[in-house]
Amino acid sequence: SAPTINTNDWLRIGSTFHSLHAIAAEASPVKLPGNKNSAGADDGIEEIEGGGVILKCLQTRTGIKFVLTAEPGTANLDSALREIYVLYAEFALKDPFYELEMPIRCELFTSAVDGLIE
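Every value quoted in this text rests on a predicted model; they were computed, and no experiment measured them. (Residues numbered from 1 in each chain as written. Predicted model: local features only at pLDDT ≥ 70, side-chain atom pairs only at ≥ 80, totals over all residues. Heavy atoms only, no water.)

Enquirer: Before we go on, may I ask you to explain unusual backbone geometry in this structure?
Expert: Where the residue is not glycine, phi is negative for most of them; where a peptide bond is considered, it is trans in most cases. Its identity is not glycine, yet asparagine 76 carries a phi of approximately 65 degrees, on the positive side. Relative to the elements of secondary structure, asparagine 76 occurs in the loop between β3 (65-70) and α2 (77-92). Asparagine 76 gets classed as exposed once you look at its relative accessible area, which sits at 59%. (Helix = DSSP H or I, 4+ residues; strand = E, 2+ residues; numbered from the N terminus. Buried < 20%, exposed > 50% of the residue type's maximum accessible area, 1.4 Å probe, protein only.)

Enquirer: For this particular structure, what's the right way to read the environment of alanine 80?
Expert: Inspection of the secondary structure puts alanine 80 in helix α2. When residues no more than four places from it in sequence are discounted, the contact partners of alanine 80 are Leu68 and Leu116. (Contact = heavy atoms within 4.5 Å.)

Enquirer: Mind showing me how you'd approach helix α3 (residues 107-117) here?
Expert: The α-helix winds at 3.6 residues per turn, so residues separated by three or four positions along the chain end up facing the same way. Those residues of α3 lying buried are Phe109, Ala112 and Val113. Mapping the buried residues of α3 onto a view down its axis gives an arc of 100 degrees, with all of them on the same face. Those residues of α3 that are buried are in contact with α2. (Arc of directions from axis to C-beta.)

Enquirer: Help me out: how do you make sense of the packing of aromatic side chains in this one?
Expert: The description of two aromatic rings rests on the distance between their centres and on the angle between their planes. Under the criterion given, the structure shown has four aromatic pairs. For the ring pair phenylalanine 66 and tyrosine 88, a centre distance of 5.2 Å and an interplane angle of 70 degrees mean the geometry is edge-to-face. With a gap of 22 residues between them, phenylalanine 66 in strand β3 and tyrosine 88 in helix α2 connect regions that are remote in the sequence. Take phenylalanine 66 and tyrosine 88: they sit in the same class, and that class is buried. Between the aromatic rings of tyrosine 88 and tyrosine 98, the centroid separation amounts to 5.9 Å while the plane-to-plane angle is 90 degrees, which identifies the pairing as edge-to-face. Of this pair, tyrosine 88 sits in helix α2 while tyrosine 98 sits in the loop between α2 and α3, placing them ten residues apart in sequence. In terms of burial, tyrosine 88 and tyrosine 98 fall into one category: buried. In textbook terms, an aromatic cluster arises when at least three aromatic residues are bridged by ring pairs, as seen for Phe66, Tyr85, Tyr88, Tyr98 and Phe109. (Phe/Tyr/Trp six-rings, centres within 6.5 Å; stacked < 30°, edge-to-face > 60°.)

Geometry only, nothing functional implied.
Below, the structure is given as C-alpha cells:
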C-alpha cells in the first residue's frame, strides 16, 4: 500500500518540483517542439522517474502545474492529468472560498479526483 503523505510533504514535493521545472526551463538552450511560448517558458521537466515512482507534470497555459505521482508503467498519465485540469476548472475555480496559489481544499474537487483515480 502507498504511504500517506501529509499536506506539508505535498507542499515540499510541489515546491521542489516547481524549482526543478523552472531551472530546466531556463537552462534549456532550445525551445522544445510544440511550445506555444516564444520565450520557451513552457518548457521544463515534464516527468521524473526513479525509486519506483513517477512524477508527471502538466503545466497549463496560465502556469498552474498539476503533478501526478504513479508507479512506473502506469498507463494514461497524460489523459489523467488533462482530466484533473478539467475537474479543477469545474470545481475548484467555481468554489468561492478557493484562493489561487493556495492548496486546493475543495471537497467536490477532491471527491472527483478520487473517483477518477479509482
